[in-house]
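Remarks on the overall topology
Chain by chain, the residues:
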Amino acid sequence: MKQVKVNFRGFPGWHIECSAMSIKYIGEQFDIHCGGIDHIPIHHTNEIAQSEAATGKHPWVKYWVHGEFLIMEKGKMSKSSGEFLTLQVLMDKGYNPVVFRYFCLLAHYKQQLSFSFEGLNAAKAAYEKLKSRVIELKDKGEKGSVEERKYLTLFMEAINDDLNTPKAIAVMWEMLKNEDVGNKLSLLLEYDKILGLGITYMKKEEFEVPEEINMILAHRKDARKKRDWKLCDELRDKIKSKGFLVLDSPEGQKVEKA
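As a starting point, this report considers the structure included with it. This one's a predicted model, so the numbers in the text were calculated from it and none came from an experiment. In every chain, residue numbers begin from 1 and rise along the written sequence. Note on the predicted model: pLDDT of at least 70 is required for a residue's local features to be given, and 80 or more for side-chain atom pairs to be given and counted; whole-chain, interface and lining totals, by contrast, use all residues. Remark: hydrogens and water are excluded; side-chain values derive from all non-hydrogen atoms of the structure.

1. Points about the pairing of strand β6 (residues 244-249)
Strands qualify as paired when DSSP identifies two bridges or more between them. Segments assigned H or I by DSSP are reported as helices when at least four residues long, segments assigned E as strands when at least two residues long, and all are numbered from the N terminus. Examined bridge by bridge, β6 and strand β7 (residues 252-257) share six bridges and lie antiparallel to one another. Bridging from a neighbouring strand, Leu247 pairs with Lys254 of β7. Counting the residues in the hairpin turn of β6 and β7 gives two residues.

See below:
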């Protein structure tokens, strides 16, 4: 039989690239392969066919996790339609990237997620509330309790239920509201191994209170002594309009960034 030498020009298609790189760096079989639902009919089908043909031993991937689309309120997000947002756009608007991550965790990966700034702002408020709670727990310190194991089990049951992150988030908030749970911070750190919200690194932000705010605080302190609660509320709102929050505590007024 005559051998024919063929010279190929160009580069391999992305289907074969993915198979080649996965097998080289991960192995001939691995547990989880992710991707969007648009990869199912062509790209991932080709990956399976060529990878299993190459190894000829066993199924290539055990579990496929295909994410649904993030859509705009008017329809699917795409560059061609002009309705396209990037993470950098959100960052330029002042959103922490982790806020967008929290927003995504609120929907199951198999469900389409409709994007709106109203929804993102709600996620931001919830994330900031979580951050404030974590900082409080870090300052206070805690002891363990019998409820701790229960909420770890409930969280893992949600995650093991086809990566049900909305349910896992609900378990997290239920745990935080339960006064019988003593070691909440430890549980949050365990949860965050999966959620990836950066709980380990959450801390009070250092900032300088402007002199103008200090003057309003002094005025409000006098109003509190005189029990002029209406004026206290008005001054609190004025401080909030300038980007700060006032918290009344037994030690006096505390200021945080809004």
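2. Remarks on the packing of helix α1 (residues 14-25) against helix α2 (residues 40-55)
Lines are fitted to the C-alpha atoms to define the axes, a helix being fitted only along its stretch in contact, and any angle between axes, read from their N-to-C directions, falls within 0 to 180 degrees. Contact pair α1 / α2: the axes reach a minimum separation of 9 Å and the direction vectors enclose 50 degrees. With respect to α2, the axis of α1 lies oblique. Where α1 crosses over α2, the two elements pack in a sense that is right-handed. Residue-level contacts link Trp14, His15, Ile16, Cys18, Ser19 and Ile23 of α1 to Ile42, His43, Asn46, Glu47, Gln50, Ser51 and Thr55 of α2. Geometric relationships in this document are graded by angle, where less than 35 degrees denotes roughly parallel, more than 145 denotes roughly antiparallel, 65 to 115 denotes roughly perpendicular, and other angles denote oblique. The hand of a helix crossing depends on one turn: near helix anticlockwise from the far one by less than a right angle means left-handed, and clockwise means right-handed. Only heavy atoms enter the contact rule, under which two residues are in contact if any of them lie within 4.5 Å.

3. Topic: the nonpolar core
Membership of the largest hydrophobic core comes to 38 residues, with the highest contact counts inside it found for Met172, Leu188 and Tyr191. Elements with a minimum of two residues in this core: α4 (97-105), β5 (113-115), α5 (117-140), α6 (147-160), α7 (165-177) and α8 (184-195). If near-sequence neighbours (up to four positions away) are discounted, Tyr191 is found in contact with Tyr151, Leu152, Phe155, Val171, Met172 and Met175. Buried Ala, Val, Leu, Ile, Met, Phe, Trp, Tyr and Cys residues that are joined via side-chain atoms within 4.5 Å together make up what is termed a nonpolar core. Under the scheme applied here, a residue whose accessible area is under 20% of the maximum for its type counts as buried, over 50% as exposed, and between as partly exposed, the area being computed with a 1.4 Å probe on protein chains only.

So yeah, pure geometry; function would need other evidence.
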